[in-house]
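# Breakdown of the fold
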Amino acid sequence: MALGSDYTSCTVLVYAPNNKYITEDTISEHDKKQQWIELRRGLPQSLRVADICSLLILTAPSPCEYKGRVVRDMSRFVFALFKGQEKENRRMERYAVNFTATVEALIIDGEIFPLFEILAVNIINISRTGVRFSAPSNSFLVRDRFTLRMKISGNDRLFTAVAVNSVDRGCFTEYGCRLIGE
């Protein structure tokens, strides 16, 4: 679901998680498809990757209010926009885990392309419909589909997963994925 308006050149007011005013800036770039904005003066010094802020975009006839998570996009920092709750399915209980799994192939246009080198990933949490894992930085793009092999109760299980979000953590990236099936 893309945002309806183009917010490029609009003024935005940025507030800390405690609703304390941080800064006023202009939006230098707005990617409606990926739902992020970049500020002309860059990331305010008090913010770090994964911080969530309130953003008030001053549009006519009335301002638009969003939450924004600070994410790194290549060499720049942007705010990933969402309204109210982030787009995550919290109806399913998540269970913290710490085990490895492997990504064995990418799936592009329904065709399976085995990786030259199998990629080991660390599973952080799991639910009935998804999984979150860490992998070397920039291993995947959001919307990448791949096969994920997990050993569950002593049995190898092969799942198809799609990356739905990512958070850069420096030398590695965390990926939130939806499990599509075996």
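Here is a short report on the structure shown in this document. A quick note: this is a predicted structure, and the numbers were derived from the prediction, not measured.

## A few points about the pairing of strand S6 (residues 76-82)
- As paired strands, strand S3 (residues 36-39) and S6 are joined by two bridges and run antiparallel to one another. If you follow Trp-36 over to S6, its bridge partner there is Ala-80.
- Where strand S5 (residues 64-73) lies against S6, seven bridges are found, and the strand directions are antiparallel. Residue pairing for S6: Lys-67 is matched across the bridge by Phe-82.
- Two successive antiparallel strands, S5 and S6, enclose a turn made up of two residues, where Met-74 displays a positive phi of approximately 60°.

## Focus: the environment of Cys-64
- Note on placement: Cys-64 falls in strand S5.
- Separated by 52 residues in sequence, Cys-64 and Val-12 have C-alpha atoms that sit 9.4 Å apart.
- Once residues lying within four places of it in the same chain are set aside, the contact partners of Cys-64 are Tyr-7, Leu-55, Leu-56, Ile-57 and Thr-59.

## Some words on the nonpolar core
- Ranked by size, the top nonpolar core spans 19 residues in total, and within it Val-121, Val-131, Phe-133, Phe-146, Leu-148, Met-150 and Cys-177 carry the most contacts.
- For this core, the secondary-structure elements that each account for two or more residues are strand S7 (95-108), strand S8 (111-126), strand S9 (130-136), strand S10 (145-152), strand S11 (155-168) and strand S12 (172-181).
- When residues of this core are assigned to their parent elements, the largest contribution, four residues, is made by S8.
- With residues near it in sequence (within four places) discarded, Phe-146 still touches Val-103, Ala-105, Leu-106, Ile-107, Phe-133, Phe-140, Phe-159, Thr-160, Ala-161, Ala-163 and Cys-177.

## Re the packing of aromatic side chains
- With the rule as written, the count across this model stands at seven aromatic pairs.
- With a centroid separation of 5.7 Å and 40° between ring planes, the pair formed by Phe-133 and Tyr-175 is classed as tilted. Remark: Tyr-175 occurs in strand S12 and Phe-133 occurs in strand S9; sequence separation between them is 42 residues. In this structure, Phe-133 and Tyr-175 share a single accessibility class: buried.
- Between the aromatic rings of Phe-140 and Tyr-175, the centroid separation amounts to 5.3 Å while the plane-to-plane angle is 90°, which identifies the pairing as edge-to-face. Remark: Tyr-175 occurs in strand S12 and Phe-140 occurs in the loop between S9 and S10; sequence separation between them is 35 residues. For the pair shown, Phe-140 and Tyr-175 are each scored as buried.
- Each member of the aromatic cluster is reached from another via a ring pair, and the members are Phe-133, Phe-140, Phe-146 and Tyr-175.

## As for the state of the cysteines
- Under the criterion given, the structure shown has zero disulfides.
- Left without a disulfide partner, Cys-64 is nearest to the cysteine sulfur of Cys-10, which lies 8.3 Å away.

## Let's talk about the environment of Phe-99
- Relative to the elements of secondary structure, Phe-99 occurs in strand S7.
- Given a relative accessible area of 25%, Phe-99 falls into the partly exposed group.
- As for Phe-99 and Met-150, which are separated by 51 residues in sequence, their C-alpha atoms are 8.9 Å apart.
- Once residues within four sequence positions are removed from consideration, Phe-99 is found in contact with Val-121, Asn-122, Ile-123 and Met-150.

## Side note on the pattern of salt bridges
- On inspection of all chains with the given rule, the structure shows six salt bridges.
- Between Glu-38 and Arg-76 there is a salt bridge whose closest N-O contact spans 2.9 Å. Taken as a pair, Glu-38 in strand S3 and Arg-76 in strand S6 lie far apart in primary sequence, 38 residues in all.
- The exposure class of Glu-38 is buried, given its relative accessible area of 15%.
- A relative accessible area of 25% means that Arg-76 is categorised as partly exposed.
- Arg-149 is paired through a salt bridge with Glu-104; the nearest N and O atoms lie 2.7 Å apart.

About the thresholds
- Residues numbered from 1 in each chain as written.
- Predicted model: local features only at pLDDT ≥ 70, side-chain atom pairs only at ≥ 80, totals over all residues.
- Heavy atoms only, no water.
- Pairing = 2+ DSSP bridges.
- Helix = DSSP H or I, 4+ residues; strand = E, 2+ residues; numbered from the N terminus.
- Contact = heavy atoms within 4.5 Å.
- Core = buried A, V, L, I, M, F, W, Y, C linked by side-chain atoms within 4.5 Å.
- Buried < 20%, exposed > 50% of the residue type's maximum accessible area, 1.4 Å probe, protein only.
- Phe/Tyr/Trp six-rings, centres within 6.5 Å; stacked < 30°, edge-to-face > 60°.
- Disulfide = S-S within 2.5 Å.
- Salt bridge = Lys/Arg side-chain N within 4 Å of Asp/Glu carboxyl O.

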